[in-house]
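Listed here are the chains, written in short residue letters.
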Amino acid sequence: MSQTARTRPAGSALPLGEAYDTALLDLDGVVYAGGSAIAHAVESLGTARVGGMRLAYVTNNALRTPDTVAAHLTALGIPTGAADVITSAQAAARLISEQVPKGARVLVIGGEGLRVALRERGLEPVESADDGPVAVVQGYGGPEMAWGRFAEACYAIARGVPWFASNTDLTIPGARGIGPGNGAAVEVVRIATGAEPQVAGKPLPPMHRETILRTGAERPLVVGDRLDTDIEGAFNGEVDSLLVLTGVTDGAQLLAAPPQHRPTYVDADLRGLLTGQPEVTATGAGFHCGGWTASAGPDRLELAGEGEVLDGLRALCAAAWTAAGEGACELDGGKALARLGL
């Protein structure tokens, strides 16, 4: 479904787990944070699976292999096979394999997830710019990755070797807070070389293509916590999306979202897969959802009524997105969000 004209969150009479055949779930900030399961994730995913929804885990984190991710999820209480995990490393490896000969050497700046994905595509991972690579691929290498790895990438790129990046997420959530992601490391190499990488991960088309090829989803629902990767990726793939508020996106960012960052649905956490979604309706006074009515004033968003917090947020989204049209809402929503405790 194209979302170019979205001005309000959609409603659904059916639970989302019944309305869609496959959930394409982000991991960090959605299923777990810092290795521990997010509240309600395990039970909600289990119930959705029993109800017939296929669960596929789609991550921009290229550090870990699908086997490792599947084992982690299974240990958390979410039975998962490696085939249920799709990584940006796999999308990057496919992108490279379409541009270089089979068996070609690829310089890896990142972790084991990239090496496994390259071998799956018949490519040979190498560690040095002096090993004759025909491509450089960069992915998240974890907090211990040595600074010298960035220099190795620069040496190869300076020799004319094409550069690929698994993703450009600037941050990554963890148990202690938000840390620098692969995008921050990509910026180091970009600044040093002046080069531009080909990027495979969300929100770009190679990642969506990889996901659909591996899952065969016909009615997919993208589930994520980031507007600029998960939701924009769904927008680019013309599929519906569910934003959960368990990761990096807060209420103010959601209200200010331009069209490509506006999710189809909004919910607190993965329990949103198990329920329908209330309709947001236009009234003479503004936009109504549950017990709330939201409207756009001259310089700020207004909220009246009472009821469920998420209903108030959905009404505010409709007021903000309608006021913004094809742009980003610049009206002050602070007072309205504070009333919702957001």
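Our subject is the structure listed above.
Reference entry: report on the structure contained in this document.

Parameters and conventions
- Residues numbered from 1 in each chain as written.
- Predicted model: local features only at pLDDT ≥ 70, side-chain atom pairs only at ≥ 80, totals over all residues.
- Heavy atoms only, no water.
- Pairing = 2+ DSSP bridges.
- Helix = DSSP H or I, 4+ residues; strand = E, 2+ residues; numbered from the N terminus.
- Axes fitted to C-alpha atoms, helices over the stretch in contact; angles between N-to-C directions.
- Core = buried A, V, L, I, M, F, W, Y, C linked by side-chain atoms within 4.5 Å.
- Buried < 20%, exposed > 50% of the residue type's maximum accessible area, 1.4 Å probe, protein only.
- Contact = heavy atoms within 4.5 Å.
- Parallel < 35°, antiparallel > 145°, perpendicular 65-115°, else oblique.
- Nonpolar A, V, L, I, M, F, W, Y, C, P; charged D, E, K, R; others polar.
- 1 Å grid on protein atoms, 1.4 Å probe; cavity = no way out; pocket = protein on both sides within 12 Å on 5 of 7 lines; lining within 4 Å.
- Points joined across faces, edges and corners; volume = space filled by probe spheres on them.
- Polar contact = N/O pair within 3.5 Å; in protein donor to acceptor, adjacent residues only side chain to side chain.
- Phe/Tyr/Trp six-rings, centres within 6.5 Å; stacked < 30°, edge-to-face > 60°.

Let's talk about the sheet that holds strand 15 (residues 265–267)
Read from one edge of the open sheet, six strands run 5-4-1-13-14-15, paired in parallel fashion. At either end of the open sheet lies a strand with only one pairing partner, and these are strand 5 (85–87) and strand 15. Put simply, the sheet's adjacent strands are angled 25 degrees from each other on average, direction ignored.

Digging into the nonpolar core
Counting residues in each nonpolar core, the largest one holds 28 residues, and the members touching the most others are Leu254, Leu255, Leu303, Leu313 and Leu316. For this core, the elements supplying multiple residues, two or more each, are helix 9 (227–237), helix 10 (251–255), strand 17 (286–289), strand 18 (292–296), strand 19 (301–305), helix 11 (309–324) and helix 12 (334–339). With sequence-adjacent residues up to four places away left out, Leu316 is seen in contact with Leu255, Ala294, Leu301, Glu302, Leu303, Ala336, Leu337 and Leu340.

What to know about helix 6 (residues 148–158)
Here helix 6 has its buried residues at Arg149, Phe150, Glu152, Ala153, Cys154, Ala156 and Ile157. Those residues of helix 6 hidden inside the fold are in contact with strand 6 (105–109), strand 8 (135–138), strand 9 (163–165) and helix 7 (182–193). Trailing helix 6 by a residue or two, Gly160 shows a phi angle of about 95 degrees, which is positive.

Observations regarding the packing of helix 4 (residues 88–97) against helix 8 (residues 205–215)
With their axes 9 Å apart at the nearest point, helix 4 and helix 8 run at an angle of 100 degrees to one another. Overall, the two elements helix 4 and helix 8 adopt an arrangement that is roughly perpendicular. Residues Ser88, Gln90, Ala91, Arg94 and Leu95 of helix 4 lie in contact with helix 8, whose contacting residues are Pro206, Met207, Arg209, Glu210, Leu213 and Arg214. Looking at the contact of helix 4 with helix 8 residue by residue, the classes come out as five nonpolar, two polar and four charged.

Thoughts on the layout of surface pockets
One simple way to see leftover space: roll a probe sized like a water molecule over the atoms. Taken as a whole, the largest pocket holds about 540 Å³ of empty space. Along the walls of the largest pocket sit 25 residues, with Tyr140, Gly142, Pro143, Ile172 and Pro180 positioned nearest its centre. Counting residues per element, the ones that place at least two in the lining of the largest pocket are strand 10 (171–174), strand 11 (177–180) and helix 7. Along the lines of polarity and charge, the residues of the lining of the largest pocket split into 12 nonpolar, 10 polar and three charged.

Describing the environment of Ala192
Here Ala192 is to be found in helix 7. The sequence separation of Ala192 and Cys154 amounts to 38 residues, and the corresponding C-alpha distance is 7.0 Å.

Considering helix 2 (residues 41–50)
Every buried residue of helix 2 is accounted for by Ala41, Ser44, Leu45, Gly46 and Ala48. Looking at the buried side of helix 2, the elements it contacts are strand 1 (22–25) and strand 4 (54–59). Just past helix 2, the residue Gly52 takes up positive phi, approximately 110 degrees.

Quick word on the side chain of Glu210
Relative to the elements of secondary structure, Glu210 occurs in helix 8. In this structure the side chain of Glu210 is engaged in a polar contact, spanning 2.5 Å, whose partner is the side chain of Arg214. Residues contacting Glu210, with those up to four places away along its chain left out, are Ile86, Gln90, Ala91, Arg94 and Arg121.

What to know about the sheet that holds strand 19
If you walk across this open sheet you meet the four strands as 16-17-18-19, and the pairing is antiparallel. Strands with a single pairing partner mark the edges of an open sheet, and in this sheet they are strand 16 (281–283) and strand 19. Taking each pair of neighbouring strands and ignoring which way they run, the sheet shows an average axis angle of 30 degrees. Relative to strand 18, strand 17 is paired through three bridges, and the arrangement is antiparallel. Bridge pairing in strand 18 places Phe287 opposite Ala294. Contacts between helix 11 and the sheet are confined to strand 17, strand 18 and strand 19, with strand 18 contributing the most and set at about 20 degrees to the helix.

Observations regarding the packing of aromatic side chains
Going through the model one piece at a time under the given rule, you end up with two aromatic pairs. Look at Trp147 and Phe150: their rings are 5.3 Å apart centre to centre, the planes differ by 80 degrees, and that puts the pair in the edge-to-face class. A relative accessible area of 61% places Trp147 in the exposed class. On the basis of relative accessibility, which here comes to 10%, the residue Phe150 falls in the buried class.

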